[in-house]
Amino acid sequence: MKKVIQKMSLVVFLLSTTLISACTQSLGAVESTQAASIATQGPVDAKEIEAFADPLFAKKMKEHNVTGSSFVVVRDGKVIVNKGYGFADKEKKIPVDKDTVFQIGSVTKTFTALAAMQQVDAGKIDLHANIEEYLGGLKIPNQTGKPVTMYDLLTYTPGFELPDETTFTGPQYIGQDISMDEFLPKHMPTIIRPPGEVYTYDNTGFLLAGYAVEKASGVPFAQYMDEKVFKPLGMASTSVRLKPELMKRMAANYDLNGEQRPLEGHAPTDGPQGSIISTAEDMAKYMIMQLQNGKFDGKEIVSQKSLELMHTHQIFADDIPITTVGFENYFPEYTNGQHVVLKGGNMPGHSSLMVLIPEHKTGFFMSYNNDSMVSADIYKEFMDHYFPETEKKAEPVYMTLSEADAQKYFGLYRNTRAYWTRTSITYENGSLVLEGEAIGKQKLRMIRPLLFVDEAGEKVAFKEDKNGNIKYFYYTAMNGMSLVAHSQKMEMEKTYSDVPNTSSYKTHINNLSALSIMGAKSGSKFDPTGTMTQGEFADALIKAEGHYVLAGSEDVLRQQLAAGIPNLNPSAPITRQVAAAMIQNLKQLEPVATSKVTLQDTADAWAKDAITALVSQGIVDPDTKVNADGSFTFRGKDLLKRQEASALLDLAFGYYSLPIKR
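Note that the structure is a prediction, hence the values are computed from the model and not measured.

Draft legend 1. A look at helix 10 (residues 280–290). Among the 11 residues that make up helix 10, 9 are buried, leaving the element largely enclosed by the rest of the structure. Turning to helix 10, its buried residues number three or more, namely A280, D282, M283, A284, Y286, M287, I288, M289 and Q290.

Draft legend 2. The arrangement of the packing of helix 17 (residues 576–587) against helix 19 (residues 642–653) in detail. Viewed as axis vectors pointing N to C, helix 17 and helix 19 meet at an angle of 15°, and their least axial separation amounts to 11 Å. If you check the angle between helix 17 and helix 19, you find them roughly parallel. Where helix 17 crosses over helix 19, the handedness of that crossing is right-handed. Here helix 17 contributes R576, I583, L586 and K587 to the contact with helix 19, which in turn contributes E644, L648, L649, A652 and F653. Tallied by class, residues from the contact of helix 17 with helix 19 come to 6 nonpolar, no polar and 3 charged.

Draft legend 3. Molecular detail of the sheet that holds strand 18 (residues 422–428). Reading around the circumference, 17-18-19-20-21-22-23-24 is the order of the 8 strands in this closed barrel, with antiparallel pairing throughout. Averaged over neighbouring strand pairs, the angle between their axes works out to 30° when direction is ignored. Bridging between strand 20 (residues 440–448) and strand 21 (residues 451–453) involves 3 bridges; their strand directions are antiparallel. Along strand 21, the bridge assignment pairs M446 with F452.

Draft legend 4. A look at helix 12 (residues 374–386). Here helix 12 spans 18 Å end to end across 13 residues, near enough to the 18 Å set by a 1.5 Å rise per residue. The element helix 12 is largely enclosed, with a buried count of 13 among its 13 residues.

Draft legend 5. Local environment of the pairing of strand 13 (residues 320–323). Two elements, strand 12 (residues 315–317) and strand 13, share 3 bridges in a ladder whose sense is antiparallel. Residue pairing across strands places I315 opposite T323, the latter belonging to strand 13. What sits between strand 12 and strand 13 in their antiparallel hairpin is a turn of 2 residues, with D318 showing a positive phi close to 55°.

Draft legend 6. Highlighting unusual backbone geometry. Between A267 and P268 the backbone carries a cis peptide bond, its omega angle lying at 0°. With respect to the helices, strands and loops of the structure, P268 is situated in the loop between strand 8 (265–267) and strand 9 (277–278). Non-glycine residue Q588 carries a positive phi angle of around 55°. Relative to the helices and strands, Q588 is located in the loop between helix 17 and strand 25 (598–599). Despite not being glycine, R635 has its phi angle at roughly 60°, a positive value.

Draft legend 7. Seen up close, the confidence of the model for the protein. Within the protein, residue pLDDT values average 90, and 90% of them lie at 70 or more. Of the regions scoring below 50 in pLDDT, residues 1–36 engages in 38 contacts with residues more than four places distant in sequence or in other chains.

How each quantity is defined
Residues numbered from 1 in each chain as written. Predicted model: local features only at pLDDT ≥ 70, side-chain atom pairs only at ≥ 80, totals over all residues. Heavy atoms only, no water. Buried < 20%, exposed > 50% of the residue type's maximum accessible area, 1.4 Å probe, protein only. Helix = DSSP H or I, 4+ residues; strand = E, 2+ residues; numbered from the N terminus. Axes fitted to C-alpha atoms, helices over the stretch in contact; angles between N-to-C directions. Parallel < 35°, antiparallel > 145°, perpendicular 65-115°, else oblique. Left-handed = near helix turned anticlockwise from the far one by under 90°. Contact = heavy atoms within 4.5 Å. Nonpolar A, V, L, I, M, F, W, Y, C, P; charged D, E, K, R; others polar. Pairing = 2+ DSSP bridges. Expected span 1.5 Å × (residues − 1). pLDDT = per-residue confidence, 0-100.

Structure (structure tokens):
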């Protein structure tokens, strides 16, 4: 999601907050200059920070419909500001304060990385050894022949096919006690990319890292974190589990409309990938330790060597730093040339962000009670105010790209985590053209081979395989793509003996084949004019829609796609109108107002709106023609052909994108 955020004028802002009616214009200018000088040194004065933050939070919380937020700033081993804004519970008028408890979501991953590095320091885990040595006999399915290590897990590069196969959250898990021993053998995804090859945001990797800590130390993970991390840091209001005494101070969870939503728990109960709850007061102590070379109150929590790995970028896309051990580097354009490591986290109705600027011994943390990206806005304004860009970046010198040289980049790419996010790359007038629903259409200019930039200045870095063929790309644009993973080029050269090159369905068939949604019916034959059962189409539809990669969602989707369709039978042949209704049940498209279409032939009443909505959006097979006056014949009661299914699914879900849990 791309937010265009205008830079706030520092002088205008400071004038607006420091001038009073009794001041002269010259006095106001002096005060503004002094405050600006303080700001360029970083956050050092509590009153100045509050003068900056109070109106900013008021504005941004209103824009994003945030009910309440914490905000704490540390510098040089001290807490400078720690306060709350708005309400922890607006119905009960309970304000947010420094002791309000939030679910910090994936900020938990940095704690898990810390615990793993403690075990490395103790000599109980080798950072670069096969992780299976520390899993108590648990085996990881691996198609690559390359063992996965703790380093791979902590740098988000283990190569799992379904990295969220272990992401189970919901109200039903509160009060349960599901161990990792019980959970992991039933929900272990397969490694399909060589560990260490590319970045894919990964919950499973950190769950396994926490499990390894549990097995190597011989102490249950929640107990380990209490004894080895939280207690030494004095974090008395922090826990891996939803402890009743802490839940009494927990902020209510809200959706984006401001409606209260139920609290959700984790399976397994101890979630090294995201189950920690904490307060701003406690997180300040954690940040101070992070910024003091692993020491706190005279105690070494983790070695300086290990902490340096946590603060040093390990994984890159070309020259773009992506991850450290535990931390990430999304929103790289906001750093203003500073070395920043950060981590965000989300549970439904709660979000958090921790930002560390190690060279300035500075950090801030915030938690708030909805799923918006207000944290990104606060981060940008914080950096622009306290660490503004000091040197104007030189405009890159772009290289000429011929169509012949561009050929190797062409193709269909699929995100390696968010499988429903697909992108095509083509060529136009000296530029690559990157296109997908999540990003629209972007022209890319070449800085050098494998590194490009879009019209907004966002970088796109490509990665080759050992044979020099393009295999992946990484995009820094804030549209959700860069926040999750590299995208992988799909193999498009599939040839079916019964699909001629002249077929108007060939591209759709190849797209679905490359994405493993629909393939050969038998041998080398696709059977384009053959029919499908309702069950076969539902299976393909779920894969095309993409939710099948999110654990526990398939049963819900099957119920959703069947809504309002009478007499469904998975073994019965599917008609075109049933297929249209199933697609619309998931897409929930509104008819395009400017595209008046009229169904001319027969369809059942329950299917007519779905057919009209899809056709008005251009989701129609090549053999269904829409006349100049908008009239069309859909043949709704005819059986659906496999080639027609490929076209409808490709057009409906080819570039689909959704928010996902971090």
